[in-house]
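Examination of the molecular architecture
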Amino acid sequence: MMNSAAPTSTARSSAGSGRPAVQPPAGAERLLGGVGTQGAAVGLAEHLDRWGSVPTWRGTAFLDELDASGLRGHGGAWFPVGTKWRSVRKAGLRSPVVVANGAEGEPASGKDRVLVQQLPHLVLDGAVLAAATVGAGRVYVHVPSGAVPAVSRAIEERRQAGLDPCDIEVVVAPDRFLAGQETAAVATIIGRKPATPTFVGLKPVREQGVGGRPTLVQNVESLAHAALIARFGAEWFRRVGTSQSPGTVLLTVTGRWAEPRIVEAPLGVPLGEILQLGLGDARSFQGVLLGGYGGGWVTPKEALAMPLTEEAARQYGSSIGAGVVALLPTNVCPLSEVSRVVTYLEGQGAGQCGPCVNGLAVLANAVSQLAHRPNALRGGVAAIPSLCGLVEGRGACRHPDGVARFVRTALRVYGDHAGLHLQRGPCHTSASPFLPIPRTAPRQGAR
Amino acid sequence: MKRPRFSLVINPIACDGHGVCAELLPECIRLDPWGFPILESGEIPVELLGHAERAAISCPRLALTLVKRTS
């Protein structure tokens with residue numbers, strides 16, 4: 001993994017003029033170590049004290065370093081970041097555009113918001129580095145309205161310091177589940193229908209996105225990791241994590257402690273260890289949602305024993321997606337929780353594709369029947385997977401596929417509970433709902 | 001020697017569920033309960049290429065495209 005193009009200590013201290021060399025973070029808290037998840041953003045001076053400035057990488061040297069690092073996208077797809085940057089760099093004759101994507105439409109996820117609000121400069125370092133690497137002249141930072149002040153302040157600090165060679169613009173991501181979807185983010189940025197996916201057909205966004213230019217839409221956490229790789233190298237990056245999934249990951253953990261927590265953990269570590277739970281604790285919750293509402297459920301035993309990697313999650317038909325880990329408490333009806341989420345997701349569709357509009361409505365209704373009026377469910381539980389099959393792969397985006405995965409994995413994990421509903425009727429519980437649903441979720445343009 | 005392979009691509013946003021395609025190419029396209037097309041397979045057999053082309057041209061929403069891939 002040694003690479004002759006790795007930054008030397010002289011390159012690393014370029015803008016530091018007399019600053020002591022910055023030591024790479026040694027522990028598992030690479031991004032968040034010492035920052036905390038509350039309070040004010042880290043300003044530019046403190047940022048440079050902490051990490052030093054980003055060394056200059058010439059030509060395609062940083063692409064080689066990214067490939068060597070094995071960094072994968074933390075937005076949900078876990079696609080190799082180096083491969084993505086390469087494809088944008090050579091996609092066309094016109095100069096590309098970079099989108100730092102912090103939209104984070106997943107209601108149960110909070111890690112991107114913490115990152116852009118606490119460490120805006122690390123995200124911006126990564127975005128500007130991406131722009132320099134793929135040859136882009138413009139960076140858009142796509143974040144929810146709440147994060148705009150912190151990001152705008154950081155951009156202004158950098159402008160005054162004359163830090164970046166490219167333009168950086170903030171774009172507000174609407175409060176919609178699909179806001180962060182790649183083509184939906186592009187639609188928001190160009191001022192078309194906001195947070196509305198488009199059909200890319202044979203020309204993906206990396207070839208033709210914002211203004212028809214090759215466009216790199218990269219999650220803000222991936223950019224922050226890239227900013228550290230540029231400073232400390234691929235070999236350092238690989239010191240934690242697995243060979244397939246190196247480095248650390250930011251998780252939003254709900255249902256383990258009194259309040260949701262943002263946790264940074266090395267990839268590949270058993271999830272039980274991260275949650276500080278042993279196999280004996282499996283009875284204290286009913287199931288674990290991995291990845292978010294576009295992810296999937298696993299049983300408590302599976303969750304506690306599994307290494308935290310995308311591959312391990314996929315073995316159970318799930319995904320670690322955007323890093324959501326939600327432990328479902330024992331006092332709620334799991335099917336009622338699943339139904340609330342599916343109804344929410346159905347309402348969050350863009351209303352553009354016939355199979356998704358019609359299929360999700362029928363699917364949401366069937367899941368609701370299973371939860372609340374099981375006798376009304378025609379065809380029994382078996383009807384539900386066939387409805388999933390009717391929507392999978394048939395939208396312009398992967399929204400219907402995500403809903404289907406959420407439902408299919410729920411039926412596997414809560415199959416016994418579904419059987420009880422059919423035998424004895426629905427649960428009667430006074431427990432307050434567990435999984436978060438945004439309060440205002442207006443339906444978008446109906447078909 | 002590379003043999004070109006053909007497949008159909010549906011733009012699900014443009015598609016309105018007219019169903020003309022399923023009528024002209026029932027061998028490859030069936031309709032879901034709401035009248036929207038489901039593609040049966042990835043590749044269009046050579047003997048059906050003429051019908052596939054006609055289905056694509058006849059779509060009132062131009063939502064169906066016949067794509068040639070050489071690989």
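Residues numbered from 1 in each chain as written. Chains lettered and ligands numbered in written order. Predicted model: local features only at pLDDT ≥ 70, side-chain atom pairs only at ≥ 80, totals over all residues.

What to know about the overall build of chain B
Broken down by element type, chain B carries 2 helices and 4 strands. For chain B, the α and β elements follow one another from N to C terminus as β-α-β-β-α-β. Against the compact-globule benchmark of 11 Å for 71 residues, chain B has a radius of gyration of 12 Å, which places it among compact chains. Counting only C-alpha atoms, chain B reaches 40 × 20 × 15 Å along its principal axes. (Helix = DSSP H or I, 4+ residues; strand = E, 2+ residues; numbered from the N terminus. Rg over C-alpha atoms; globule rule 2.2 N^0.38 Å.)

A closer look at the overall build of chain A
Regarding its fold elements, chain A presents 17 helices and 9 strands. Rg of the C-alpha trace for chain A: 22 Å, near the compact-globule value of 22 Å for 447 residues, within the 12% margin. In terms of overall dimensions, chain A has C-alpha extents of about 75 × 50 × 35 Å along its principal axes. Residues classed as buried in chain A amount to 55% of the 447 residues present. Across chain A, every contact between residues at least 6 apart in sequence was considered, and the portion connecting residues at least 24 apart equals 74%. (Buried ≥ 20, exposed ≤ 12 C-beta atoms within 10 Å, placed from the backbone. Contact = placed C-beta atoms within 7 Å.)

Observations concerning the sheet that holds strand E2 (residues 138-144) of chain A
Residues and elements named next belong to chain A. Strand order in the open sheet formed by 4 strands is E3-E2-E1-E4, and the pairing between neighbours is parallel. Because the sheet does not close on itself, it has two edges, and the strands there are strand E3 (167-173) and strand E4 (215-219). Going across the sheet, the axis of each strand differs from the next one's by a mean of 20 degrees, ignoring polarity. The sheet contact formed by E2 and E3 spans 7 bridges and is parallel. Opposite His142, over in E3, you have Val171 as the bridge partner. Of the strands in this sheet, E2 and E3 are in contact with helix H7 (residues 148-161), which crosses E3 at around 175 degrees. (Pairing = 2+ DSSP bridges. Axes fitted to C-alpha atoms, helices over the stretch in contact; angles between N-to-C directions.)

Observations regarding the domain arrangement of chain A
How big an interface is tends to be stated in terms of accessible area lost as the parts join. All names here are of chain A. Under the domain assignment used here, chain A contains domain 1 (9-16 + 26-237), domain 2 (248-329) and domain 3 (334-424). Taking the mean C-alpha position of each, domain 1 and domain 2 sit 26 Å from one another. Taken together, the contact between domain 1 and domain 2 spans 19 residues of the former and 21 residues of the latter. Take the side of domain 1 that touches domain 2: its biggest share by element is 3 residues, from helix H5 (residues 111-118). Looking at side-chain class alone, the side of domain 1 that touches domain 2 contains 8 nonpolar, 6 polar and 5 charged residues. (Domains from an automatic or database assignment. Nonpolar A, V, L, I, M, F, W, Y, C, P; charged D, E, K, R; others polar.)

Considering helix H3 (residues 61-69) of chain A
Residues and elements named next belong to chain A. By the burial criterion, the buried members of H3 are Phe62, Glu65, Leu66, Ala68 and Ser69. Viewed along the axis of H3, the buried residues span an arc of 165 degrees, placing them on a single side of the element. Lining the buried residues of H3 we find helix H4 (81-89), helix H6 (120-134) and helix H9 (220-237). Gly70, located one to two residues past H3, shows a positive phi value of around 75 degrees. (Arc of directions from axis to C-beta.)

Quick word on helix H14 (residues 354-372) of chain A
Helix length check: H14 of chain A, at 19 residues, gives a terminal C-alpha distance of 27 Å against a target of 27 Å (1.5 Å per residue), a fit within 8%. Burial within H14 of chain A is extensive, with 14 of its 19 residues counted as buried. (Expected span 1.5 Å × (residues − 1).)

As for unusual backbone geometry
All names here are of chain A. Phi angles above zero are rare outside glycine, and Trp78 is one such case at about 60 degrees. For Trp78, the location among the structural elements is in the loop between H3 and H4. The residue Gln276 is not glycine, and still its phi comes out positive at about 55 degrees. Assignment of secondary structure puts Gln276 in the loop between helix H10 (271-275) and strand E7 (285-290).

Focus: the packing of H6 of chain A against H9 of chain A
Residue and element names in this part refer to chain A. At their nearest, the axes of H6 and H9 sit 7 Å apart, and the two run at 80 degrees to each other. Judged by the angle between their axes, H6 and H9 are roughly perpendicular. Across the interface between the two elements, Leu122, Val123, Asp125, Gly126, Ala127, Leu129 and Ala130 of H6 pack against Val220, Leu223, Ala224, Ala226, Ala227 and Ala230 of H9. Counted by class, the contact of H6 with H9 contains 11 nonpolar, 1 polar and 1 charged residues. (Parallel < 35°, antiparallel > 145°, perpendicular 65-115°, else oblique.)

Observations regarding the sheet that holds strand E5 (residues 248-254) of chain A
Residue and element names in this part refer to chain A. Reading across the sheet, the 5 strands line up as E6-E5-E9-E7-E8 and stay open at both edges, with mixed pairing between neighbours. The open sheet has two edge strands, strand E6 (261-266) and strand E8 (296-298), and neither has a second partner. When strand polarity is set aside, the average angle formed by the axes of neighbouring strands in this sheet is 30 degrees. Pairing of E5 with strand E9 (residues 324-329) involves 3 bridges; the strand directions are parallel. The residue of E9 that forms the bridge with Val253 is Val325. Of the strands in this sheet, E7 and E8 are in contact with helix H16 (residues 399-413), which crosses E8 at around 20 degrees.

Regarding the nonpolar core
Core analysis: the largest hydrophobic core is formed by 136 residues, its most contacted members being Val98, Val123, Ala127, Leu363 and Val407 of chain A. Considering every element that reaches this core, the biggest residue donor is H9 of chain A, with 11 residues. Dropping the residues within four chain positions of it, Val407 of chain A is found in contact with Val338, Val342, Leu363, Val367, Ile384 and Cys388 of chain A. Formed by 15 residues, the second largest nonpolar core is a distinct cluster that contains Leu8, Cys15, Ala63 and Leu64 of chain B. (Core = buried A, V, L, I, M, F, W, Y, C linked by C-beta atoms within 7 Å.)

A word on the pairing of E6 of chain A
Where a strand is regular, its side chains alternate between the two sheet faces. All names here are of chain A. Of all 6 residues that make up E6, 5 are buried, and the element is covered over most of its length. In this structure, E5 lies alongside E6, joined through 6 bridges in antiparallel fashion. Looking at E6, one finds that Leu250 is bridged to Glu264. Between the end of E5 and the start of E6, which pair antiparallel, lie 6 residues, with Gly255 showing a positive phi angle near 90 degrees.

What about the confidence of the model for chain A?
For chain A, the mean per-residue pLDDT works out to 92, and 93% of the residues sit at or above 70. In this model, residues 1-18 of chain A is a region of pLDDT below 50 whose contacts with residues beyond four sequence positions or in other chains number 35 contacts. (pLDDT = per-residue confidence, 0-100.)

Describing the pairing of E5 of chain A
In terms of burial, E5 of chain A is largely enclosed, as 7 of its 7 residues are buried. Residue alternation in E5 of chain A divides its side chains into two sets, Thr248, Leu250, Thr252 and Thr254 of chain A and Val249, Leu251 and Val253 of chain A, and both sets are buried.

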